[in-house]
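# Per-entry structural report
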Amino acid sequence: MLTPMRLGVCYYPEHWPESMWADDARRMVATGLSRVRIGEFAWSRIEPEPGRFDWDWLDRAIAKLHGAGLSIILGTPTATPPKWLVDAMPDMIATDIDGKPRGFGSRRHYCFSHPGYRVESARITRAMAQRYGNHPGVTAWQTDNEYGCHDTVLSYSAAALTGFREWLAARYDDIAALNRAWGNVFWSMEYRSFDEIDLPNLTVTVANPAHHLAFRRFASDAVAAFNRAQVDILRALSPGRDIFHNFMGFFTEFDHHAVGSDIDVAGWDSYPLGFLESFGFSEADKLAYARQGHPDIAAFHHDLYRGCTAGGRWAVLEQQPGPVNWAPYNPAPLPGMVRLWTMEAMAHGAELVSYFRWRQAPFAQEQHHAGLLRPDDEAAPGLAEAAQAAKDIAMIGPLGPPPKSAALIFAYDAEWVTKIQPQGAGLSALWAAFDCYSALRQMGLDIDILPPTAAIDGYALCVIPCLPIVPDALLENLSHFTGQVVIGPRSGSRTGDFAIPGELPPGALFPGKVTRVESLRPGLQHAGDGWAAAHWLEHMESSADGELVAGDGTVVSWRSGNRRYLAAWPTPDIASTLLHTAAAEAGLLLHRLPEGIRLRRAGPYIFAFNYSARPQILPGDIDGDFIIGARAIEPAGIAVIKI
Ligand code: GAL
């Protein structure tokens, strides 16, 4: 990065009396913030009645913020279509899997496939871009807000049904081809025309997995098309401005690589404590990291979203500043965590961290969600930490080029396959990726999470945790890859139409044939030396060598040349055993890190972060000038070492 990371904040001028705006802007700048994101939920104030725009307040808000020295990221307000629009077009409402409408009164109540809403989305985007597209204070746009939040990608509406049939006709052309590809002869599911096909909900038992996968692809394409329509308008009317979207954590319902390829900066919204509580972490981790978040949550997403845009540009568009309101439990972060999260984003190459939100709102849905300020306008604890981070960033200055050591391959359709057909409770390609990622991070490695079509030259290690559908580009890239390769279970196990390939998996990925798979209930396992194969086991016929072999003789991983195949689920103990061997063989420098310590290299710097609730000492093999912190790091503390 040639320019140091910027700090910003999410601000809602429409929530506060105009008399507060100037002072808010002044205090933002005094804190060290230079970006402010506004507007993304303000449709009812921008266009209070159909066709009657009220720009004056927004003109004045933008002028105040810009006048104080802030650059504005302006959101298109399409996540919150106003009541009058919903009433004029009631069938724009999304429909849930049980066929029930998802009504007005919160947000994200629209269906991506509704042609009328697409017209409205383009209309309001055009109106905003015409008004502010060349404003010197508006330097970037955010499209919509968190596509898919509140489970809104899959809508089972009439509009979705029409769109799906058209999408299928375009993809398969001939209904006989679709019947063949899906295997519809099974249970007499054959269709005579595309117009006979329904959405895959409300069936008696599971619908055909090929039907589910096609519907997910269609829905993902609808999100990408919805976004692209806004992007096209913004590019035409607001030249030279960056386009962001704010993606979410542990969210896979649409293909973020596809949406990412249309925008400039992949933003994401980082709520480590909320994510720890809301997702499938162990009770022990939930307790140990309750006030810090699991040490790999934020970094995993930093490294994932960096791989989502062509230029590798990414940002944290919303950063947790204190307790949130939406997880089962919402503790306050340890003192220091807001600064730590900010500096970790910097270490991973973010161009911006923007806190959500400036001031806690005393009304409506998020009353318990912290801001940098309290509702009474006094400083909340996050404010001083943001100010400290601003000083740290200025002191460190621009970072050098990011490291290139381990590539981890993740595809969104991998998670769709394991969701549609888990075969064993809780088995998920996303979590296989997370557990492999975490194992690599615990060795102190730097990781890029890449789509399966990305170039992998120059990496020492390539890990493919679980990739059922393998694109030809990956096979081609692997064929001349000289680093070490680790391939996880279920890889190469499905065709693009959700069938078992004729030659049996893993196909060209690895010499061998998986002849049988079984999932293992808790307690069934095949134990080896310091690890146990659990949850999933593949029986393979192969000329390769067995590497990890359980005490009972079960081969759990295979080895052939520079490739390894893991025939069991990459649980944390197996992932760390196997990946440690592969990473060492790849020549990567591995560290033994104390519990909760994580590292990230950037140019001449090593950043170290203490996620543990205890003070920790950095190992002696990490050495140089400590420009921030010291070898002993307090809980929630950081150290920055120049080597
Ligand atoms: C995000 C959303 C914000 C706010 C925040 C609360 O999902 O984009 O608008 O609701 O969560 O944590």
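Residue positions are counted from 1 within each chain, in the order its sequence is given. Two thresholds apply to this predicted model, a pLDDT of at least 70 for residue-level local features and 80 or more for giving and counting side-chain atom pairs, whereas whole-chain, interface and lining totals are computed over all residues. As a rule here, side-chain values cover all heavy atoms of the structure and leave hydrogens and water aside.

## Section: the overall build of the protein
Going along the chain from the N terminus, every DSSP run of H or I of four or more residues is numbered as a helix, and every run of E of two or more is numbered as a strand. When its secondary structure is counted, the protein shows 18 helices and 25 strands. All radius of gyration figures rest on C-alpha atoms, and the globule criterion is 2.2 Å times the number of residues raised to 0.38. Taking 643 residues into account, the globule formula puts the C-alpha radius of gyration at 26 Å, and the protein, at 25 Å, falls close to it. Nonlocal contacts in the protein, meaning residues at least 24 apart in sequence, comprise 70% of its contacts between residues at least 6 apart. When charges are tallied, Lys and Arg are placed among the positive residues and Asp and Glu among the negative ones, while His and the ends of the chain are skipped. Just so you know, the charge point we use is NZ for Lys, CZ for Arg, CG for Asp and CD for Glu. Charge separation in the protein, taken as the distance between the mean sites of 54 positive and 71 negative side-chain charges, equals 3 Å. Contacts are residue-level and defined by heavy atoms, with any inter-residue pair within 4.5 Å sufficient.

## With respect to the site of the ligand
Here a residue is considered near a molecule or strand provided that any single heavy atom belonging to it is located within 4 Å of it. For the ligand, the full set of nearby residues is Phe41, Arg107, Asn145, Glu146, Asp269, Tyr271, Glu318, Trp326, Phe356, Glu366 and His369. Between Asn145 and the ligand, the recorded distance is 2.9 Å, taken from a side-chain N or O atom to an oxygen atom. In protein, a polar contact requires one atom able to donate a hydrogen and another able to accept it; more generally it is a pair of N or O atoms within 3.5 Å, and residues adjacent in sequence count only if both atoms are side-chain atoms. Note that an oxygen atom of the ligand is positioned 2.7 Å from one of the side-chain N or O atoms of Trp326. Split by residue class, the shell around the ligand holds four nonpolar, two polar and five charged. Residues are grouped as follows: nonpolar covers Ala, Val, Leu, Ile, Met, Phe, Trp, Tyr, Cys and Pro; charged covers Asp, Glu, Lys and Arg; every other residue, Gly included, is treated as polar.

## Focus on the pairing of strand β5 (residues 242-247)
Only protein chains enter the accessibility calculation, which uses a 1.4 Å probe. A residue is then buried if its area is under 20% of the maximum for its type, exposed if over 50%, and partly exposed in between. The buried fraction of β5 is high, at five of six residues. Pairing between strands is defined by DSSP: at least two bridges between the two strands are required. Pairing of strand β4 (residues 138-142) with β5 involves three bridges; the strand directions are parallel. Across the sheet, Gln142 pairs through a bridge with Phe244, a residue of β5.

## Describing the layout of surface pockets
The probe, sized like a water molecule, is rolled over the atoms to show the empty space still left. Buriedness for pockets is judged along seven lines, at least five of which must meet protein on both sides within 12 Å for an open set on the 1 Å grid over protein atoms alone, while cavities are sets there where a 1.4 Å probe fits but cannot get out, and lining residues have an atom within 4 Å of a point. Grid points are joined across faces, edges and corners, and a volume is the space filled by probe spheres set on the points. Here the second largest pocket defines a volume of roughly 1,000 Å³. At the level of elements, α16 (429-442), α18 (572-585) and β20 (597-602) are the ones that each hand at least two residues to the lining of the second largest pocket. The biggest single contributor to the lining of the second largest pocket is α16, with seven residues. A class-by-class count of the residues in the lining of the second largest pocket yields 18 nonpolar, 16 polar and seven charged.

## Describing helix α8 (residues 209-237)
An expected span of 1.5 Å times one less than the residue number is assigned to each helix. Compared with the 42 Å implied by 1.5 Å per residue over 29 residues, the 42 Å span of α8 between its first and last C-alpha is a close match. Near the N-terminus of α8, the side chain that reaches the backbone nitrogen of Ala210, with its oxygen 3.0 Å away, is that of Asn208.

## Quick notes on the domain arrangement of the protein
Annotation of the protein at the domain level lists domain 1 (39-239 + 248-260), domain 2 (406-585) and domain 3 (597-642). An automatic or database domain assignment supplies the start and end points of every domain. Using only C-alpha atoms to locate each centre, domain 1 and domain 2 end up separated by 34 Å. Contact with domain 1, which involves 18 residues of that partner, is made by 17 residues of domain 2. Buried area adds together the accessible area that both of two parts lose upon being put together, with accessible area traced by a 1.4 Å probe. Of the roughly 1,600 Å² buried between domain 1 and domain 2, counting both surfaces, carbon and sulfur atoms make up 70%. Contact with domain 2 buries area across many residues of domain 1, yet Phe250, Thr252 and His257 alone supply 37% of it, more than any other trio. Any Lys or Arg side-chain nitrogen found within 4 Å of a carboxyl oxygen on Asp or Glu counts as a salt bridge. Put simply, domain 1 and domain 2 have one salt bridge between them. Across the contact surface, domain 1 and domain 2 share four residue pairs in polar contact (both at pLDDT 80 or more). Those elements that provide at least two residues to the side of domain 1 that touches domain 2 are α7 (175-182), α8 and α9 (256-260).

## Topic: the sheet that holds strand β25 (residues 638-642)
Strand order across the open sheet formed by four strands is β20-β21-β25-β23, with antiparallel pairing between neighbours. Edge positions in the sheet fall to β20 and β23 (625-628), since each has one partner strand and no second. Across the sheet, the mean angle from the axis of one strand to that of its neighbour is 25°, orientation sign disregarded. Alignment of β23 against β25, held across three bridges, turns out to be antiparallel. Note on β25: the bridge partner recorded for Asp625 is Lys642. Packing against the sheet, helix α14 (residues 381-396) makes contact with β21 (605-610), β23 and β25, and its axis sits at approximately 140° to β23. Comment: axis = line fitted to C-alpha atoms, over the contacting stretch for helices; angle = value between 0 and 180 degrees taken between N-to-C directions.

## Considering the pattern of salt bridges
If you walk through the whole model with that rule in mind, you get 39 salt bridges. With a closest N to O distance of 2.7 Å, Arg374 and Asp376 form a salt bridge. Note on Arg374: relative accessible area 37%, which makes it partly exposed. Accessibility expressed as a relative area gives 44% for Asp376, which makes it partly exposed. Between Glu595 and Arg614 there is a salt bridge, with its nearest N and O atoms 3.4 Å apart. Separated by 19 residues along the polypeptide, Glu595 in the loop between α18 and β20 and Arg614 in the loop between β21 and β22 (616-617) bring together distant segments of the chain. Among the charged side chains, a network of salt bridges with common partners joins Asp303, Arg306, Asp446, Asp448, Arg600 and Arg601.

## With respect to the environment of Ser34
With respect to the helices and strands, the residue Ser34 is situated in the loop between α1 (21-31) and β2 (35-38). Classification of Ser34 by relative accessible area gives buried; the value is 18%. For the pair Ser34 and Ala414, spaced 380 residues apart in sequence, the C-alpha separation works out to 39 Å. At a separation of 3.5 Å, a polar atom in the side chain of Ser34 contacts the side chain of Arg35.

## Observations concerning the pairing of β2
Alternating positions in β2 separate into two faces, Arg35 and Arg37 on one and Val36 and Ile38 on the other, with burial throughout. In the sheet, strand β1 (residues 6-10) pairs with β2 via three bridges, with the strands oriented parallel. Across the sheet, residue Cys10 finds its bridge partner in β2, namely Arg37. Crossovers are described as right-handed under a simple rule: with the strands pointing away from the observer, the path leading from the first strand over the helix to the second runs clockwise. Handedness of the crossover joining β1 and β2 through α1: right-handed. Alignment of β2 against strand β3 (residues 71-75), held across four bridges, turns out to be parallel. Residue pairing in the sheet places Arg35 in a bridge with Ser71 of β3.

## Thoughts on unusual backbone geometry
Between Phe356 and Arg357 the backbone carries a cis peptide bond, its omega angle lying at 10°. Looking at the element boundaries, Arg357 is found in the loop between β8 (352-355) and α14. Cis geometry marks the peptide bond from Pro505 to Pro506; its omega dihedral reads 0°. Positionally, Pro506 belongs in the loop between β12 (484-487) and β13 (513-519).

## Let's talk about the packing of aromatic side chains
In this scheme Phe, Tyr and Trp rings, the latter by its six-membered ring, pair at centre separations within 6.5 Å, and the angle between planes marks the pair as stacked below 30 degrees, edge-to-face above 60, and tilted otherwise. In the structure shown here, the tally under the stated rule is 49 aromatic pairs. Throughout this description, the term charge over a ring refers to an Arg CZ or Lys NZ atom that lies within 6 Å of the ring centre and within 35 degrees of the ring normal. The positively charged end of Arg359 is found above the aromatic ring belonging to Trp16, 4.4 Å away from the centroid. Just above the ring of Tyr459 sits the side chain of Lys404; from NZ or CZ to the centre is 5.0 Å.

## A few points about the packing of helix α6 (residues 158-172) against α7
Interhelical geometry of α6 versus α7 gives an angle of 90° and a closest axis separation of 9 Å. Taken together, the axes of α6 and α7 lie roughly perpendicular to each other. Where α6 approaches α7, its residues Phe164, Leu168 and Tyr172 are matched on the opposing element by Ala177, Leu178, Ala181 and Trp182. Among the residues making up the contact of α6 with α7, the classes are represented as seven nonpolar, no polar and no charged. Comment on the angle field: the value is read as roughly parallel under 35 degrees, roughly antiparallel over 145, roughly perpendicular from 65 to 115, and oblique elsewhere.

## What to know about the side chain of Ser157
Checked against the element boundaries, Ser157 lands in the loop between β4 and α6. For Ser157, a relative accessible area of 5% translates into the label buried. Polar side-chain contacts of Ser157 include one of 3.0 Å to the backbone nitrogen of Ala160. Contact partners of Ser157, with chain neighbours within four places excluded, come to Ile93, Thr95, Cys111 and Leu199.

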